[in-house]
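# Breakdown of the fold
Residues per chain, in single letters:
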Amino acid sequence: MKRITILLLLLATFLGIQAQTARTILDRTSAVVSNKSGATAKFTMSGKYGNASGTISIKGNKFCAHTSDAIIWYDGKTQWAYNKQAEEVSVSTPTEAQQQSMNPYKFINIYKNGFNLSSKVVSGKYQVHMVAQDQRRTIKELYILITKSYQPTQVKMRTSKGWTTINISNFRKANLSDTAFRFSSKDYPEAEVIDLR
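To keep things clear, this report deals only with the structure shown in the data block. None of these values were measured; they are calculated from a predicted model. (Residues numbered from 1 in each chain as written. Predicted model: local features only at pLDDT ≥ 70, side-chain atom pairs only at ≥ 80, totals over all residues. Heavy atoms only, no water.)

Strand pairing in a sheet relies on backbone hydrogen bonds, with the paired strands running either antiparallel or parallel. The strand order across the open sheet built from 12 strands is 7-8-9-10-11-1-2-3-4-5-6-12, with neighbouring strands paired in mixed fashion. Because the sheet does not close on itself, it has two edges, and the strands there are strand 7 (115–122) and strand 12 (192–195). Ignoring strand direction, the axes of neighbouring strands in this sheet form an average angle of 20°. Two elements, strand 1 (residues 39–47) and strand 11 (residues 162–173), share eight bridges in a ladder whose sense is antiparallel. Across the sheet, Ser 46 pairs through a bridge with Thr 165, a residue of strand 11. (Pairing = 2+ DSSP bridges. Helix = DSSP H or I, 4+ residues; strand = E, 2+ residues; numbered from the N terminus. Axes fitted to C-alpha atoms, helices over the stretch in contact; angles between N-to-C directions.)

Here it is, written out as structure tokens:
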């Protein structure tokens, strides 16, 4: 009985250390991604949310993503989604769940509440595995690959619709203005604006 108790204590200690390591990795990654002046990167996405590639700019919880079909701006409260082919801009206030499925800042910071964490090193990068404690959450599971300089290079996310993979490259710090995260009607005078708020 004593041996089992000691083994259980050692296992609990090991799991606690592993979770702490994953939390430390994510804390440092969050600090890099949420750089006060901003950052830019290229991305490719494949999976249940479709296939897309383009560039993304982030600053705190703000982001702007450009693909060949669309541009999405989010200023921390309002989101504008411009469909290039239809020349339409949909304006909305996304829910927390919608933000989590689109905003890289949310991917990196989601670990702070309601996820079990573990980490290991894979091909010279940290791999952090996150599993939602409540499987009714929109994002149920995540794998994030992170460089030794705490830059994310891949996010694999499981929702009720299945897996989506986002590959990230050319991550760079940038000095971005807050206006970069808002739709400007002057730049798209022909666009029809549809307010869904």
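Moving on from the model shown.
Attention now moves to the environment of Thr 153. Position of Thr 153 among the secondary structure elements: in strand 10 (residues 152–159). The class of Thr 153 is buried, set by a relative accessible area of 16%. Sequence separation between Thr 153 and Asn 167 is 14 residues, and the spatial gap between their C-alpha atoms is 5.8 Å. Those residues in contact with Thr 153 that lie beyond four places of it in its chain are Lys 125, Leu 145, Ile 146, Thr 147, Ile 166, Asn 167 and Ile 168. (Buried < 20%, exposed > 50% of the residue type's maximum accessible area, 1.4 Å probe, protein only. Contact = heavy atoms within 4.5 Å.)

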